[in-house]
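What the coordinates show
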Amino acid sequence: MTDAEALLATWEQKFRPHPDGADLPAHHNHCLGCGPDNPHGHRLQARRHGDSVVASHSFDGRHVGAPGIVHGGAVATVIDDLYGFLLYLVGTPAVTRRLTVDYLAPVLIGTTYRLEGSVTSREGRKLFVAASLTASDGRSVATSTAVFVTVGVDHFGRCGAPSVDD
Ligand SMILES: CCCCCCCC(=O)SCCNC(=O)CCNC(=O)[C@H](O)C(C)(C)COP(=O)(O)OP(=O)(O)OC[C@H]1O[C@@H](n2cnc3c(N)ncnc32)[C@H](O)[C@@H]1OP(=O)(O)O
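Here goes a summary of the coordinates provided. Small disclaimer: the values here were computed from a predicted structure and weren't measured.

1. Some remarks on the site of the ligand
Near the ligand you find 17 residues, and of these Gly-84, Val-95, Thr-96, Arg-98 and Val-149 are the closest. Contributions of two or more residues to the shell around the ligand are made by helix H2 (72–90), strand E3 (94–103) and strand E6 (140–150). In terms of residue class, the shell around the ligand is made up of seven nonpolar, four polar and six charged.

What follows is the structure, given as structure tokens:
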């Protein structure tokens, strides 16, 4: 089995049904959003919450934009990856076609936020999704919408998926 085939086989296994409340598996070990072995990554951990996915997450010193404030790209990365966990509930791989983020208030380094994402509608291959990032006092600090387009696992094979050990 090639490295690409090994990665794709791992993903197919992860698209099994996940019970409510279950921790959801990382997309792969080196995923920038959730991979446990990516030294630059966010190591996002998400779980199923009904038809949504939720996560509790704090950013660290690697993700600074303005001093003390999380870089907007880092926030977008984590939201994008949260949507990637939603795909386990949908039951099919998909990729981000369009991502929007409204930055409502500064996201602070070292502060824990709650993330929640859900599918708002589906039209053919298009999944319309939405997410929010909320502070512990209930303030919404960022909201997002995105369009994902479903793809076959061959999409990733065509892209030359790297070894899981890379
Ligand atoms: C396993 C999951 C891991 C998840 C990790 C976290 C998520 C990610 O980071 S994914 C990586 C980043 N994203 C990518 O690399 C995607 C790059 N883009 C692509 O590969 C292609 O554009 C792809 C596959 C999305 C779509 O290409 P293609 O199959 O040719 O579809 P295309 O016909 O252009 O569009 C598909 C549909 O979306 C619609 N669409 C396109 N853009 C938009 C948009 N901005 N808004 C709304 N709809 C849109 C099209 O109108 C079309 O609709 P319909 O099917 O009704 O005609």
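2. Let's talk about the pairing of strand E5 (residues 126–134)
Burial of E5 is one-sided: the residues Leu-127, Val-129, Ala-131 and Leu-133 facing one way are buried, the residues Lys-126, Phe-128, Ala-130, Ser-132 and Thr-134 facing the other way are not. Taken together, the nine bridges between strand E4 (residues 112–123) and E5 define a ladder with antiparallel strand orientation. Note that in E5 the partner of Leu-115 across the bridge is Leu-133. Taking the residues between adjacent antiparallel strands as the criterion, E4 and E5 are bridged by two residues, where Gly-124 takes a positive phi near 60 degrees. Where E5 and E6 come together, nine bridges link them in antiparallel fashion. Of the residues in E6, the one forming a bridge with Lys-126 is Val-149. A loop of five residues connects E5 with E6, the two strands running antiparallel in sequence, and Gly-138 in this loop sits at a positive phi of about 95 degrees.

About the criteria used
- Residues numbered from 1 in each chain as written.
- Predicted model: local features only at pLDDT ≥ 70, side-chain atom pairs only at ≥ 80, totals over all residues.
- Near = placed C-beta within 6 Å.
- Helix = DSSP H or I, 4+ residues; strand = E, 2+ residues; numbered from the N terminus.
- Nonpolar A, V, L, I, M, F, W, Y, C, P; charged D, E, K, R; others polar.
- Buried ≥ 20, exposed ≤ 12 C-beta atoms within 10 Å, placed from the backbone.
- Pairing = 2+ DSSP bridges.

Coordinates in, geometry out; function isn't part of it.
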